[in-house]
Amino acid sequence: MNKPISLVILISGNGSNLQAIIDAINNKQLNATITAVISNNPNAYGLQRANNAMLTTKILNQQDYASKDEFDIALLKLLKLYQPDLIILAGFMRILSDVIVTTFKGKMLNIHPALLPKYPGLGTYKRVLESGDKEHGTTVHYVTEELDGGPIIAQSKTMILSSDTPESLKNRVQKLEHQLYPYIIQLISEKKLNYTPQGVVFEGKLLHNQGLSIQF
Ligand code: GRF
């Protein structure tokens, strides 16, 4: 087996995506090690999940820093110290400064609860239900300076039901996220997926704008 890919995972809240990655590693579906879990929120439930899995945790509480710049410098220092193969944003509710994004270009992934480029930003479930769209889903993408705007790696979709509420839709989309994120990280660890300045390459072919479409 190849050397496990090393991950640093950034969270702010519940950490269900973190949990899905931990579970996938334990079930041997994902050949990875989690070097550290970093949270900007000391009360994030995800920290408890990380502790339960005996992972190294670091809290960077934004209140301890005089400015956003100082917080970002501390985060950059920490990420440089760990030198992970990939930085995984998993519900990290903070916009990263350009210097962090550029330093780790092609090494930082995010998961967003919408079929990007539709619905960047917050409140995607409510917004999509108000729009009358027929489908919703989740996107894994590389992180660039543009919010929720980097090259798309893959999407997973669900049909919107007439009975859906933001909560019910969220439950279905999150189930997809929990499968999609570990799956994509594994493809990267197997070197089947690569970031290039031209875009995302899968098995030697440049992917189109929406990336891989993966149904579970
Ligand atoms: C996920 O739905 C993800 O798409 C978004 O934030 C949410 C985080 O959930 N970026 P969790 O903390 O992983 O449970």
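Everything below is about the structure shown above.
Okay, so let's go over this structure. (Residues numbered from 1 in each chain as written. Predicted model: local features only at pLDDT ≥ 70, side-chain atom pairs only at ≥ 80, totals over all residues. Heavy atoms only, no water.)

1. Some details on the layout of surface pockets
Here the largest pocket defines a volume of roughly 950 Å³. Along the walls of the largest pocket sit 34 residues, with Gly-91, Phe-92, Met-93, Ile-111 and Pro-113 positioned nearest its centre. Within the residue set of the lining of the largest pocket, elements represented by two or more residues are helix H1 (16-26), strand E5 (108-112), helix H5 (124-131) and helix H6 (166-189). Its residues assigned to classes, the lining of the largest pocket shows 13 nonpolar, 15 polar and six charged. (1 Å grid on protein atoms, 1.4 Å probe; cavity = no way out; pocket = protein on both sides within 12 Å on 5 of 7 lines; lining within 4 Å. Points joined across faces, edges and corners; volume = space filled by probe spheres on them. Helix = DSSP H or I, 4+ residues; strand = E, 2+ residues; numbered from the N terminus. Nonpolar A, V, L, I, M, F, W, Y, C, P; charged D, E, K, R; others polar.)

2. A closer look at the side chain of Thr-124
Inspection of the secondary structure puts Thr-124 in helix H5. Among the polar contacts made by the side chain of Thr-124, one reaches the main-chain carbonyl oxygen of Pro-113 at a distance of 2.6 Å. Leaving out residues up to four positions away in the same chain, Thr-124 has contacts with His-112, Pro-113, Ala-114, Tyr-119 and His-136. (Polar contact = N/O pair within 3.5 Å; in protein donor to acceptor, adjacent residues only side chain to side chain. Contact = heavy atoms within 4.5 Å.)

3. A few points about the packing of aromatic side chains
Remark: the centre distance and the inter-plane angle together describe each pair of aromatic rings, the angle taken between the planes. Tallying each qualifying case throughout the model produces three aromatic pairs. An angle of 90 degrees between the planes, with centres 5.8 Å apart, marks the rings of Tyr-65 and Phe-71 as edge-to-face. Ring centres 6.1 Å apart and planes at 90 degrees place the aromatic pair Tyr-183 and Phe-216 in the edge-to-face group. Taken together, the residues span a long stretch of sequence, with Tyr-183 in helix H6 and Phe-216 in the segment after strand E11 (212-213) at a distance of 33 residues. Classification of Tyr-183 as partly exposed rests on a relative accessible area of 39%. (Phe/Tyr/Trp six-rings, centres within 6.5 Å; stacked < 30°, edge-to-face > 60°. Buried < 20%, exposed > 50% of the residue type's maximum accessible area, 1.4 Å probe, protein only.)

4. Comments concerning the side chain of Gln-155
Along the chain, Gln-155 falls in strand E7 (residues 152-159). Of the polar contacts made by the side chain of Gln-155, one reaches the backbone oxygen of Leu-116; its length is 2.8 Å. Sequence-distant contacts of Gln-155, defined by excluding residues within four places in its chain, comprise Leu-115, Leu-116, Thr-138, Thr-139, Leu-180, Gln-210, Leu-212, Ser-213 and Ile-214.

5. Here we look at the nonpolar core
Counting 37 residues, the largest nonpolar core has Leu-7, Ile-21, Ile-34, Leu-109, Ile-184 and Ile-185 as its most contacted members. Per element, the largest residue contribution to this core is six residues, and it comes from H6. Judged by nonpolar contacts, the second largest core, of 21 residues, contains Ala-36, Ile-87, Leu-89 and Phe-104. (Core = buried A, V, L, I, M, F, W, Y, C linked by side-chain atoms within 4.5 Å.)

6. Examining the packing of H5 against H6
For the pair H5 and H6, interaxial distance at closest approach is 9 Å and the crossing angle is 115 degrees. Classed by the angle they form, the pair H5 and H6 counts as roughly perpendicular. The element H5 and its partner H6 pack so that their crossing is right-handed. Here Tyr-125, Lys-126, Val-128 and Leu-129 of H5 lie close against H6, whose contacting residues are Pro-166, Leu-169, Lys-170, Val-173 and Gln-174. (Axes fitted to C-alpha atoms, helices over the stretch in contact; angles between N-to-C directions. Parallel < 35°, antiparallel > 145°, perpendicular 65-115°, else oblique. Left-handed = near helix turned anticlockwise from the far one by under 90°.)

7. Topic: the site of the ligand
Around the ligand sit Asn-14, Gly-15, Ser-16, Asn-17, Gly-91, Ile-111, His-112, Pro-113, Gln-174 and Glu-177, and that is every residue in its neighbourhood. In the model, an oxygen atom of the ligand is placed 3.4 Å from a nitrogen or oxygen of the Asn-14 side chain. Pro-113 has a polar backbone atom sitting 3.5 Å from an oxygen atom of the ligand. Against a free-state accessible area of 370 Å², the protein chains account for coverage of 85% of the ligand. In this structure the site holding the ligand corresponds to the largest pocket. If you list the elements that add at least two residues to the shell around the ligand, you get H1, E5 and H6. Here the shell around the ligand is composed, by residue class, of two nonpolar, seven polar and one charged. (Near = heavy atom within 4 Å. Areas by Shrake-Rupley, 256 points an atom, 1.4 Å probe, with all protein chains shown as cover. Sits in = over half its atoms within 2 Å of the grid points.)

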